[in-house]
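In case you want the letters, here they are:
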Amino acid sequence: MSNSTATKRYAIALFELAQQKNELQSVENDLRELNVVWKGNKDLKTLFTSPKLSLDKKKALIREIFSNANPIVINTLLVLIDKKRLHEVTDIISEYMALSNEAQGVAEAKVYTTRELTEVERANVSSVFAKNVGKQSLRIQNIVDPSIIGGIRVQIGNRIYDSTLSSKLDRLKRNLIG
């Protein structure tokens, strides 16, 4: 993530505007989609960072490609094109998400399990671990990893809660071998 002052300023401005218009969730959803598209499509990034394409054509393409997106998101992208900062879009999205999560009392969590969690299990994990980090809830990204054998590993920021069978076996092995 970029620590650019400009990146933070754009993210704060975007967050405050979305908050004023009562569109935090709508903007957040569109930014999540934009992030997936931007990170997953190198050709799109190349196209929009190319000096061969005029600013007007870039703006027209943004309006066309993201026509169903929230106008706040579209206008932000247009400003980034004008200011030649479109390359910072993923960093701005990350900063926005952090601001949004903080305002909503939510933390991002990666949960590693041997199978996909049910909605009830997600809710239980969220309520138990959110308390541990002083948040109201967790936004869970469930990662299926058969190598953990059983149990669960939860990563929230730089905190890791690991009660997987594979880690317990590793600890046992270290204790036995010395």
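As a reminder, the structure under discussion sits directly above these lines.
Residues numbered from 1 in each chain as written. Predicted model: local features only at pLDDT ≥ 70, side-chain atom pairs only at ≥ 80, totals over all residues. Heavy atoms only, no water.

A.B. asks: Even after reading the chapter, I still don't get the packing of helix 4 (residues 55-65) against helix 5 (residues 71-82), so can you show me in this structure?
C.D. replies: Helix-helix packing: each pair is described by the crossing angle between the helix axes and the interaxial distance. Direction vectors running N to C along helix 4 and helix 5 enclose 165°, while the axes themselves pass 10 Å from each other. One element, helix 4, and the other, helix 5, form an angle in the roughly antiparallel class. In the packing of helix 4 onto helix 5, the handedness of the crossing is right-handed. For the pair helix 4 and helix 5, contact is made by Leu55, Lys58, Lys59, Ile62 and Arg63 and by Ile74, Leu77, Leu78, Ile81 and Asp82, respectively. (Axes fitted to C-alpha atoms, helices over the stretch in contact; angles between N-to-C directions. Helix = DSSP H or I, 4+ residues; strand = E, 2+ residues; numbered from the N terminus. Parallel < 35°, antiparallel > 145°, perpendicular 65-115°, else oblique. Left-handed = near helix turned anticlockwise from the far one by under 90°. Contact = heavy atoms within 4.5 Å.)

A.B. asks: Where do I start with a nonpolar patch on the surface in this structure?
C.D. replies: On the surface, a nonpolar cluster with roughly 630 Å² of combined accessible area is contributed by Ile149, Leu165, Leu169, Leu172, Leu176 and Ile177. As for its position among the elements, Ile149 is in the loop between strand 2 (137-144) and strand 3 (153-156). (Patch = residues over 30% accessible without salt bridge, like charges linked within 9 Å, V, L, I, M, F, W, Y side chains within 5 Å. Areas by Shrake-Rupley, 256 points an atom, 1.4 Å probe, with all protein chains shown as cover. Salt bridge = Lys/Arg side-chain N within 4 Å of Asp/Glu carboxyl O.)

A.B. asks: Looking at this structure, how should I read the packing of aromatic side chains?
C.D. replies: Within a pair of aromatic rings, the relevant descriptors are the distance that separates the centres and the angle that separates the planes. Enumeration over the complete set of coordinates arrives at three aromatic pairs. Taken together, a centroid distance of 5.9 Å and an interplanar angle of 65° make the contact between Phe15 and Tyr96 edge-to-face. Of this pair, Phe15 sits in helix 1 (residues 5-20) while Tyr96 sits in helix 6 (residues 89-104), and the two are 81 residues apart along the sequence. Here Phe15 matches Tyr96 in class, with each residue buried. With a centroid separation of 5.2 Å and 55° between ring planes, the pair formed by Phe129 and Tyr161 is classed as tilted. (Phe/Tyr/Trp six-rings, centres within 6.5 Å; stacked < 30°, edge-to-face > 60°. Buried < 20%, exposed > 50% of the residue type's maximum accessible area, 1.4 Å probe, protein only.)

A.B. asks: Teacher, can you tell me more about the nonpolar core here?
C.D. replies: The tendency in soluble globular proteins is for nonpolar side chains to be buried side by side. Counting 29 residues, the largest nonpolar core has Val27, Leu31, Leu34, Ile62, Leu77 and Tyr96 as the members making the most contacts within it. When contributions to this core are tallied by element, the ones reaching two or more residues are helix 1, helix 2 (24-40), helix 3 (42-49), helix 5 and helix 6. A total of seven residues in this core trace back to one element, the largest contributor, which is helix 5. Excluding its chain neighbours within four sequence positions, the residues that come into contact with Val27 are Leu14, Ala18, Asn70, Ile72, Val73 and Tyr96. (Core = buried A, V, L, I, M, F, W, Y, C linked by side-chain atoms within 4.5 Å.)

A.B. asks: Would you take a moment to explain the pattern of salt bridges for this structure?
C.D. replies: Note that side chains of opposite charge can pair when their charged atoms are close. The tally for this structure, following the rule as stated, stands at eleven salt bridges. Between Arg85 and Glu88 there is a salt bridge, with its nearest N and O atoms 2.4 Å apart. Residue Glu88 is classed as buried on the basis of its relative accessible area, which comes to 7%. Through salt bridges with shared partners, a single network forms among Glu28, Arg32, Glu108 and Arg139.

A.B. asks: Explain the sheet that holds strand 2 to me, please; I cannot follow it from the model alone.
C.D. replies: What holds strands together in a sheet is hydrogen bonding between their backbones, with the strands either parallel or antiparallel. Across the sheet, which stays open at both edges, the four strands sit in the order 2-1-3-4 with mixed pairing between neighbours. Either end of the sheet is taken by a strand with one partner, and the two such strands are strand 2 and strand 4 (159-162). Ignoring which end each strand starts from, the neighbouring axes of this sheet average 20° apart. Relative to strand 3, strand 1 (residues 106-113) runs antiparallel, the two sharing four bridges. Considered in strand 3, the bridge of Tyr112 is made with Arg153. Packed on one face of the sheet, helix 7 (residues 119-132) meets strand 1, strand 2, strand 3 and strand 4 and runs near 125° to strand 2. (Pairing = 2+ DSSP bridges.)

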